[in-house]
Amino acid sequence: MKHLFLFLLTLTLIGCATRPDDGPPPASAQIQKKEVALPFQSKAVPPKTLDKALLYNYLAGEISIQRGAWEQAYEHLLLAATEAKDAVAASKAARLAWRQEDMIRATRATRLWVEYAPNDLSARQLAMLTALRNDDLEQALEQARAILAIASAKGKDGFLLLSSALATSKEKGKLTLIQQLAGQYPEDAHAQYAMALVSTQEKQFDAALRAIEKSQQLKPDWDKPYLLQVQVYAMQGDEAGAEKVLREAAASHPSPALLEAYGRLLMQQKKYPQALESFRKALKLSPDDQDLLYMVGILALQVKDWDLAKSTWEQLRDSPRYHKVQEAWYFLGQMEELQGNLKQATENYSRVKNGRLHSDAQIRTAILTAKLGKLEEAHELFNALRLTDPDQAVQIYITEAQLLKELHKPDAALELYNEAIDAYPQEADLLYARGLLAADLGKIDLAEKDFKAALAIQPDDADALNALGYTLADQTDRYAEAHAYIKKALELNPDSAAILDSMGWVLFRMKEYEQALAYLRKAAAKLDDPEITAHLIEVLWVTGSRQEAQKLLDEASTSYPDNPKIEDVKQRLQ
């Protein structure tokens, strides 16, 4: 939830002052733009011709920038700017000095930039920040007022521009500046919102909430103050309050941004049907938003609404505005795979020719080919993937071997691991994976050898330590040795349900029943897993809590029908 709230704050800070153009503006808009009366006029008169000295300073400045000689670059550019009355050269000099935190030079160059281009918002923003850095509040206020005047003439949100610029500033004076400005515009919702933003950045949360409330009163249907209010509550640790604000705002003042934010929060809470509903409402308000449509497609897959998923991904695939057709084909493949239509899924995956999902589509194709019974063809596909993507060869070996095990061909999986380890003898992941398979097959000597080899490469691998300890505890009587490995694994990863389960199991084998029960209860509380449940049932039974054990067994038999671990404990205890 915290990550979502921080993401929302970023969106709020940046805002949506402008949208990418869908094309060139109409002629009428171009004419209107030319007729805008800007509030300031430059009196600087540039020379009609470039002399040699001026040209030299331009060239020398650019060359010095490329060489990283910023002081020389600054001097040459400032000379060029002064002689030519050139705002571009002045802006480069000002930014160079600002990046080097040389406020004397930055102030000098910025003044020239403002003089030559008095209606340039970037020039005014840097002039304001430079003044703040110099503790010159009056000058900063003058530049801020100029930003508001220019933005108003250009039809932009001046207070949003101010708060965006101030977000990059570390000077304490920025809060005083925005308070004074907002005080001059008490009936402007944007002014109050800007003050709330800066107050939030300065962690003045009470002041931020007061400004947010005033902004909401002045402009009740504006979504940004509600999003910022969510952030303020979250930053104070009041996640319940943040969620309440977001939920109520999305209901009472629905906007695409609020509904999307609420939908993402619901996704984090794994409330996928409700999240889908929120995204669909957002999409209804903004039907051309391809990102919202994408999220609807993802969630439709999650809730298994196949008709909606199919129509959504086909719409994205066929949309001239959506430039990720390959992704659409991938998710159409996933949709068919989830429904068990493996042949159609492979056809869809095969249409993914490039992009970030290309490799995964190829792997899914190989996996589904094997599941369709074409093992040799699948093996050739896996081999081709290992050749074309050598950086992923080890993981591809593991994927293919795990697939063979899933298809009840453990001997073929073991043979593949042998081939992989011959090719990559120092890959701990391969040794660990073969060790797990060997343990499942009862090949304890090989499993122990592989786990220890993996630990020789990565001594602090908690998973390998746990696997070695559990294997010794479960399939040998070397309990003290097993306990030592699991103890070390637990020290490295104390919150792992799997390691807590192993500790409970080895203590059970050592007849330390009360301690075993404590660890197994903790593991079961962290993870709903049939093997952990089977261990807990057995220990409860042995310690005399047979009614609780039977209740858990009945529940597990319903939740995990035909699970071998549950079936094994059922046969042994009944």
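Details of the overall build of the chain
Along its length, the chain carries 33 helices and 0 strands. A compact globule built from 574 residues would reach a C-alpha radius of gyration of about 25 Å, whereas the chain, at 33 Å, exceeds it by more than 25%. Projected onto its principal axes, the C-alpha positions of the chain cover 95 × 55 × 50 Å. The buried share among the 574 residues of the chain stands at 45%. Of the charged side chains in the chain, 68 are positive and 82 negative, and the gap between their average positions amounts to 5 Å.

Topic: a nonpolar patch on the surface
On the surface, a nonpolar cluster with roughly 370 Å² of combined accessible area is contributed by Leu50, Leu55, Leu59 and Ile63. Judged by relative accessible area, which is 49%, Leu59 ranks as partly exposed.

Concerning the pattern of salt bridges
The final tally for this structure, using the stated rule, is 28 salt bridges. Here Lys174 ties to Glu202 by a salt bridge, and the two come within 3.6 Å at their closest N and O atoms. Highlighted residues: Lys174 in helix 10 (residues 173-184) and Glu202 in the loop between helix 11 (189-201) and helix 12 (205-218), separated in sequence by 28 residues. Residue classification places Glu202 among the partly exposed residues on the basis of a relative accessible area of 26%. One network of salt bridges, in which partners are shared, links Glu448, Lys452, Arg478 and Glu481.

Considerations on the packing of helix 6 (residues 103-116) against helix 7 (residues 121-133)
Taken N-terminus to C-terminus, the directions of helix 6 and helix 7 make an angle of 150°; their axes are 9 Å apart at the nearest point. In this view, helix 6 runs roughly antiparallel relative to helix 7, as classed from their interaxial angle. For the element pair helix 6 and helix 7, the recorded crossing hand is left-handed. Where helix 6 approaches helix 7, its residues Met103, Ala106, Thr107, Thr110, Trp113 and Val114 are matched on the opposing element by Ser122, Ala123, Arg124, Leu126, Ala127, Thr130 and Arg133. In the contact of helix 6 with helix 7, the residues fall into 7 nonpolar, 4 polar and 2 charged.

Some words on the packing of aromatic side chains
For the structure on display, the rule yields 11 aromatic pairs. Ring geometry for Phe159 versus Tyr185: centroids 5.3 Å apart, planes at 80°, classification edge-to-face. Taken together, the positions of Phe159 in helix 9 (residues 158-166) and Tyr185 in the loop between helix 10 and helix 11 put the pair 26 residues apart, joining distant regions of the chain. Its relative accessible area of 34% is what places Tyr185 among the partly exposed residues.

Quick look at the packing of helix 10 against helix 11
Relative to each other, helix 10 and helix 11 sit at 165°, their axes nearing to 9 Å. Overall, the two elements helix 10 and helix 11 adopt an arrangement that is roughly antiparallel. In this structure, the crossing between helix 10 and helix 11 has a hand that is left-handed. Contact residues: helix 10 offers Lys174, Leu175, Ile178, Gln179 and Ala182, while helix 11 offers Ala191, Gln192, Ala194, Met195, Val198, Ser199 and Gln201.

Considerations on the nonpolar core
Leu246, Tyr294, Trp313, Tyr330 and Phe331 are the most contacted members of the largest nonpolar core, which has 46 residues in total. Setting aside residues up to four positions removed in sequence, Tyr330 forms contacts with Tyr349, Val352, Leu357, Asp360, Ala361 and Arg364. Within the second largest apolar cluster, 42 residues are counted, among which are Ala497, Ala534, Leu540 and Leu553.

Describing helix 9
Judged by how many residues are buried, helix 9 sits mostly within the fold: 7 of 9 residues are covered. Of the residues flanking the start of helix 9, the one acting as N-cap is Asp157, its side-chain oxygen 3.1 Å from the backbone nitrogen of Phe159.

Let's talk about unusual backbone geometry
Despite not being glycine, Lys85 shows a phi value in the positive range, around 55°. Secondary-structure assignment places Lys85 in the loop between helix 4 (70-84) and helix 5 (87-99). The backbone phi angle of Lys270 is positive, close to 60°, even though this residue is not glycine. Judged by its relative accessible area of 62%, Lys270 falls in the exposed class.

Considering the side chain of Asn119
Turning to its location among the elements, Asn119 is positioned in the loop between helix 6 and helix 7. Of the residues examined, Asn119 reaches a relative accessible area of 12% and is grouped as buried. At 2.5 Å, the side chain of Asn119 and the backbone oxygen of Phe40 are in polar contact. Setting aside chain neighbours within four positions, we find Asn119 in contact with Leu38, Pro39, Phe40, Ile150 and Lys154.

Notes on the side chain of His535
Turning to its location among the elements, His535 is positioned in helix 31 (residues 530-542). On the basis of relative accessible area, His535 is assigned to the buried category, the value being 6%. Apart from the residues within four sequence positions on either side, His535 is in contact with Tyr470, Asp501, Trp505 and Leu520.

Criteria and cut-off values
- Residues numbered from 1 in each chain as written.
- Predicted model: local features only at pLDDT ≥ 70, side-chain atom pairs only at ≥ 80, totals over all residues.
- Heavy atoms only, no water.
- Helix = DSSP H or I, 4+ residues; strand = E, 2+ residues; numbered from the N terminus.
- Rg over C-alpha atoms; globule rule 2.2 N^0.38 Å.
- Buried < 20%, exposed > 50% of the residue type's maximum accessible area, 1.4 Å probe, protein only.
- Lys, Arg positive; Asp, Glu negative; His and termini not counted.
- Charge placed at Lys NZ, Arg CZ, Asp CG, Glu CD.
- Patch = residues over 30% accessible without salt bridge, like charges linked within 9 Å, V, L, I, M, F, W, Y side chains within 5 Å.
- Areas by Shrake-Rupley, 256 points an atom, 1.4 Å probe, with all protein chains shown as cover.
- Salt bridge = Lys/Arg side-chain N within 4 Å of Asp/Glu carboxyl O.
- Axes fitted to C-alpha atoms, helices over the stretch in contact; angles between N-to-C directions.
- Parallel < 35°, antiparallel > 145°, perpendicular 65-115°, else oblique.
- Left-handed = near helix turned anticlockwise from the far one by under 90°.
- Contact = heavy atoms within 4.5 Å.
- Nonpolar A, V, L, I, M, F, W, Y, C, P; charged D, E, K, R; others polar.
- Phe/Tyr/Trp six-rings, centres within 6.5 Å; stacked < 30°, edge-to-face > 60°.
- Core = buried A, V, L, I, M, F, W, Y, C linked by side-chain atoms within 4.5 Å.
- Polar contact = N/O pair within 3.5 Å; in protein donor to acceptor, adjacent residues only side chain to side chain.

Keep in mind these numbers describe shape, not what the thing actually does.
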